[in-house]
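# Structural features, examined
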Amino acid sequence: MPDSNKNQNKPVPATPLTPRQRGIIVGASGGMGAALSHKLAREGFSLALVDCNKKALQLLCNEINQSMGEKRVRLYEHDATDYDSVPDTLRRIIADLGGVDTLVYIAGVIHFPALDEYYFSQDHKMVEVNLLGAMAWMSAIAPLFQSAKSGQIVGVSSVAGDRGRVGNPGYNASKAGLTNYLEALRNRLTRHGVNVLTVKPGFVKTDMLMGVEKTPFAIEPERAANLIWDGMKKRKQVIYIAGIWKLIMLVIRHIPSVIFRRLNF
Ligand SMILES: NC(=O)c1ccc[n+]([C@@H]2O[C@H](COP(=O)([O-])OP(=O)(O)OC[C@H]3O[C@@H](n4cnc5c(N)ncnc54)[C@H](OP(=O)(O)O)[C@@H]3O)[C@@H](O)[C@H]2O)c1
């Protein structure tokens, strides 16, 4: 194995000049969330892993703590739609980690309606988890980062939020709302030294894509996690993962409506 690859997998040690960063990942036990939890732990973070799936969280925590040889991640069972419990959960995490530097909101759900189906209950769920849960967590942490004049908020949106397509109006709307919310948050917080990163994945091979037939340019969750970390390190504002989606979405965003509404994707 070349040296550069070896170094990528080696856990980053904490030193007096480079203390451990403390992060929260909401939606940690899913495909991309779990890969990012592993990645950030290796990069030297202490982490609060938050998800509603306690069993999967426990397995993930054990796996990471064992591979690190020390207790680097803790689990917090929490349903992202339980908005009222966010401030208390956040307080508990801050006390346990001794502070917080980064929030990643990656929780998400999707339902795939047929082209002639309209399910308000499913659209409602997608907006609740994909958008309102993110707003609940981000509006709890934003004032803390603002007054500390540091910190990073990462929101995992989707290329699906770039345009309203025939395939999934509810999912598109939830991600468009999240993308817009993150941009507004960035415009508020950049002047206070806080970075807000919007991640727009294309297809990533996780449970979310189960049953989806065509997944062009799909990448592994581990690759997605590496690209997210790269964006975090560089304090980027918006990243498409993989990069090819930046070009694809540039074209899609510019298709005139008169043509776009005749397309079936
Ligand atoms: N995979 C893709 O191709 C793709 C493309 C674009 C954007 N994205 C976005 O990327 C993010 C990660 O998705 P993924 O592909 O890793 O999918 P995933 O494997 O289904 O992971 C989603 C995670 O969100 C959690 N979650 C769902 N509802 C929750 C709730 N009410 N409270 C707390 N956690 C909840 C899930 O927990 P449970 O396991 O308990 O359900 C799971 O851990 C999502 O926001 C998704 O919309 C994915």
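Above this note sits the structure.
Here the structure is a predicted model, which means the values were calculated and not measured. Sequence order as written defines the numbering, with residues in each chain counted from 1. Since the coordinates come from a predicted model, pLDDT governs what is reported: local features require at least 70, and pairs of side-chain atoms require 80 or more to be given and counted, while whole-chain, interface and lining totals use all residues. Side-chain descriptors were evaluated using all non-hydrogen atoms of the structure, hydrogens and water having been removed beforehand.

## Looking at the overall build of the protein chain
Defined as follows: Here a strand is any run of E in DSSP of at least two residues, a helix any run of H or I of at least four, and the numbering for each starts at the N terminus. To sort residues, take the accessible area from a 1.4 Å probe on protein chains only and compare it with the maximum for the residue type: under 20% means buried, over 50% means exposed, and anything in between is partly exposed. Working rule for contacts: check all heavy atoms of both residues, and any pair within 4.5 Å makes them a contact.
The helix and strand tally for the protein chain stands at 9 helices and 7 strands. By its C-alpha atoms, the protein chain is 60 × 45 × 40 Å across when sized along the principal axes. For the protein chain, the proportion of its 265 residues judged to be buried stands at 45%. Put simply, 69% of the contacts in the protein chain that link residues at least 6 apart link residues at least 24 apart.

## Some words on the packing of helix H5 (residues 120-148) against helix H6 (residues 169-189)
Convention followed: Only the stretch in contact is used when a helix axis is fitted, and all axes are lines through C-alpha atoms; the angle between N-to-C directions ranges over 0 to 180 degrees. Roughly parallel means an angle under 35 degrees; roughly antiparallel, over 145; roughly perpendicular, 65 to 115; everything else is oblique. Amino acid classes used here: Ala, Val, Leu, Ile, Met, Phe, Trp, Tyr, Cys and Pro are nonpolar; Asp, Glu, Lys and Arg are charged; the rest, including Gly, are polar.
Taken N-terminus to C-terminus, the directions of H5 and H6 make an angle of 10°; their axes are 8 Å apart at the nearest point. Here H6 runs roughly parallel to H5, going by the angle between their axes. Between H5 and H6, the contacting residues are Asp123, Met126, Val127, Asn130, Leu131, Ala134, Met135, Met138, Ser139, Ala142 and Gln146 on the first element and Gly170, Tyr171, Ser174, Lys175, Gly177, Leu178, Tyr181, Leu182, Leu185 and Leu189 on the second. Class assignment for the residues of the contact of H5 with H6 results in 13 nonpolar, 6 polar and 2 charged.

## Some thoughts on the site of the ligand
Just so we agree on the cut-off: We define proximity as follows: a residue is near a molecule or strand when any one of its heavy atoms falls within 4 Å of that partner. Within 3.5 Å is the distance limit for a polar contact, defined as a pair of N or O atoms, with the added protein rule that one can donate a hydrogen and the other accept it, and that residues adjacent in sequence qualify only through two side-chain atoms. Residue burial considers only the protein chains on display, and all accessible areas are found by Shrake-Rupley using a 1.4 Å probe.
Taken together, 28 residues lie near the ligand, and Gly30, Asp51, Ala80, Tyr171 and Thr206 sit nearest. A distance of 2.5 Å is found between an oxygen atom of the ligand and a side-chain nitrogen or oxygen belonging to threonine 206. Computed on the free molecule, the ligand has an accessible area of 890 Å², of which 87% lies beneath the protein chains in the complex. Those elements giving two or more residues to the shell around the ligand turn out to be helix H2 (31-42) and H6. Split into classes, the residues belonging to the shell around the ligand amount to 14 nonpolar, 11 polar and 3 charged.

## Comments concerning the sheet that holds strand S7 (residues 238-241)
Under the convention used in this document: The rule for pairing is simple: two strands pair if DSSP sees at least two bridges between them.
The strand order across the open sheet formed by 7 strands is S3-S2-S1-S4-S5-S6-S7, and the pairing between neighbours is parallel. The strands lining the two open edges of the sheet, one partner per strand, are strand S3 (73-77) and S7. Sheet twist, expressed as the mean angle between neighbouring strand axes with direction ignored, is 15°. For strand S1 (residues 21-26) and strand S4 (residues 102-105), the ladder comprises 4 bridges, and the chain directions are parallel. Bridge pairing links isoleucine 24 to leucine 103 in S4. On top of the sheet, H2 reaches S1, strand S2 (45-51), S4 and strand S6 (195-201); it is set at about 165° to S2, its chief contact. Together, strand S5 (152-156), S6 and S7 form the strand contacts of H6, whose direction differs from that of S6 by roughly 160°.

## Remarks on unusual backbone geometry
Of note, the bond from isoleucine 241 into alanine 242 is cis; its omega dihedral lies within 30 degrees of zero at -5°. With respect to the helices and strands, alanine 242 occurs in the loop between S7 and helix H8 (244-253). Even without being glycine, lysine 149 reaches a positive phi, approximately 55°. Along the chain, the position of lysine 149 falls in the loop between H5 and S5. Owing to a relative accessible area of 53%, lysine 149 belongs among the exposed residues under this scheme. One non-glycine residue with positive phi stands out, namely arginine 235, at about 50°.

## Here's the deal with H8
We count it as follows: Here the arc refers to the set of directions running from the helix axis out to each C-beta atom.
By the burial criterion, the buried members of H8 are Trp245, Met249 and Ile252. Each buried residue of H8 lies within a common arc of 55° when the element is viewed along its axis, so the set occupies one face. Exposed side chains of H8 directed beyond 90 degrees from the buried face belong to Lys246, Leu247 and Val251. Looking at the buried residues of H8, the elements they touch are S7 and helix H9 (257-260).

## Let's talk about the packing of H2 against helix H3 (residues 54-68)
Our working definition: In a left-handed crossing the near helix is turned counterclockwise from the far helix by less than a right angle, and in a right-handed crossing that turn is clockwise.
Relative orientation of the contacting elements H2 and H3 amounts to 25°, with a least axis distance of 11 Å. The orientation of H2 with respect to H3, classified from their angle, is roughly parallel. As for the relative orientation of H2 and H3, their crossing is right-handed in sense. Only Leu60, Glu63, Ile64 and Met68 of H3 make contact with H2, whose side of the interface consists of Ala34, Ser37, His38, Ala41 and Arg42. Residues that form the contact of H2 with H3 fall into these classes: 5 nonpolar, 2 polar and 2 charged.

## Some thoughts on the packing of aromatic side chains
The condition is simple: Between 30 and 60 degrees the pair is tilted, below 30 it is stacked and above 60 it is edge-to-face, where a pair is any two Phe, Tyr or Trp rings, Trp via its six-membered ring, whose centres lie within 6.5 Å. A ring is considered to have a charge above it if a Lys NZ or an Arg CZ atom is located within 6 Å of its centre and within 35 degrees of its normal.
What the rule picks out here adds up to 3 aromatic pairs. With 5.8 Å between their ring centres and 85° between their planes, phenylalanine 45 and tryptophan 229 make a pair best called edge-to-face. Here tryptophan 229 lies in helix H7 (residues 221-233) and phenylalanine 45 lies in strand S2, a separation of 184 residues in the sequence. Note on tryptophan 229: relative accessible area 10%, which makes it buried. Where phenylalanine 217 meets tryptophan 245, the ring centres are 6.2 Å apart and the plane angle is 90°; that geometry is what we call edge-to-face. Placement of the pair is phenylalanine 217 in the loop between S6 and H7 and tryptophan 245 in helix H8, with a sequence separation of 28 residues. Put simply, the rings of Phe203, Phe217 and Trp245 pair up and form one aromatic cluster. The residue whose ring lies beneath arginine 163 is phenylalanine 260, and the NZ or CZ to ring-centre distance is 4.0 Å.

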